[in-house]
Amino acid sequence: MCHYPPGTSKWNKIEHRMFSMYSSLNWRGEPLDSYATVIELIHHPRTRTGLRIRAELTQKRYRTGIRIPEAAMRGLNLHPHATHPQWNYTIRPRNR
């Protein structure tokens, strides 16, 4: 598992392909005044290699503030990486 530091999503190659020049050209001058507008602008572009993005809005409400017990966190077989261990780590299956 590797997370990029806050504000560095531009490093994400998939995200870069999804929201590249094609989306920028499509969004030019368009006010993002509704969810429907945003979904349509994300869904519309296609790259030269044929990448298409499927976008849909969910109305599902997700619970917030869920706390994971410390004992459960200690039970993870978590191995921090040498580079940025707070963001990069491997979770391996538990030994039986």
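Just so you know, these numbers come straight off a predicted model, no measurement behind them.

Considering the overall build of the protein chain
Check the secondary structure of the protein chain and you find 4 helices and 2 strands. N-terminal to C-terminal, the α/β element order of the protein chain is α-α-α-α-β-β. The buried share of the protein chain, reckoned over its 96 residues, is 14%. Sequence separation of 24 or more characterises 30% of the internal contacts of the protein chain that already satisfy a separation of 6 or more. Of the roughly 8800 Å² of accessible surface on the protein chain, a fraction of 56% belongs to carbon and sulfur atoms.

Quick notes on helix 3 (residues 35–43)
Of all the positions in helix 3, only Thr37, Leu41 and Ile42 are classed as buried. All buried residues of helix 3 project into a common sector of 125° when viewed along the axis, lining one side. When the buried face of helix 3 is taken as reference, the exposed residues oriented beyond 90 degrees from it are Tyr35 and Ala36.

Some remarks on a nonpolar patch on the surface
Where nonpolar side chains cluster on the molecular surface, the patch consists of Ile66, Ile68, Met73, Leu76, Leu78 and Ile91 and spans about 520 Å² of accessible area. The exposure class assigned to leucine 78 is partly exposed, which follows from its relative accessible area of 40%.

Comments concerning unusual backbone geometry
One non-glycine residue, histidine 84, lies in positive phi territory at about 50°. Relative to the assigned elements, histidine 84 resides in the loop between strand 1 (77–80) and strand 2 (89–92).

Regarding the side chain of threonine 37
For threonine 37, the position within the fold is in helix 3. At a separation of 3.2 Å, a polar atom in the side chain of threonine 37 contacts the side chain of aspartate 33. Polar contacts involving the side chain of threonine 37 include one to the side chain of serine 34, which spans 2.9 Å. With sequence-adjacent residues up to four places away left out, threonine 37 is seen in contact with Glu30, Pro31 and Leu32.

Looking at the side chain of asparagine 88
Residue position: asparagine 88 is located in the loop between strand 1 and strand 2. The class for asparagine 88 is buried, based on a relative accessible area of 10%. Among the polar contacts listed, one links the side chain of asparagine 88 to the backbone oxygen of threonine 83, at a separation of 2.9 Å.

With respect to the environment of leucine 41
Mapped onto the fold, leucine 41 is located in helix 3. Taking the C-alpha atoms as reference points, leucine 41 and alanine 55, 14 residues apart in sequence, are found 9.3 Å from one another.

About the cut-offs
- Residues numbered from 1 in each chain as written.
- Predicted model: local features only at pLDDT ≥ 70, side-chain atom pairs only at ≥ 80, totals over all residues.
- Heavy atoms only, no water.
- Helix = DSSP H or I, 4+ residues; strand = E, 2+ residues; numbered from the N terminus.
- Buried < 20%, exposed > 50% of the residue type's maximum accessible area, 1.4 Å probe, protein only.
- Contact = heavy atoms within 4.5 Å.
- Areas by Shrake-Rupley, 256 points an atom, 1.4 Å probe, with all protein chains shown as cover.
- Arc of directions from axis to C-beta.
- Patch = residues over 30% accessible without salt bridge, like charges linked within 9 Å, V, L, I, M, F, W, Y side chains within 5 Å.
- Salt bridge = Lys/Arg side-chain N within 4 Å of Asp/Glu carboxyl O.
- Polar contact = N/O pair within 3.5 Å; in protein donor to acceptor, adjacent residues only side chain to side chain.

Read these as spatial facts, not as claims about activity.
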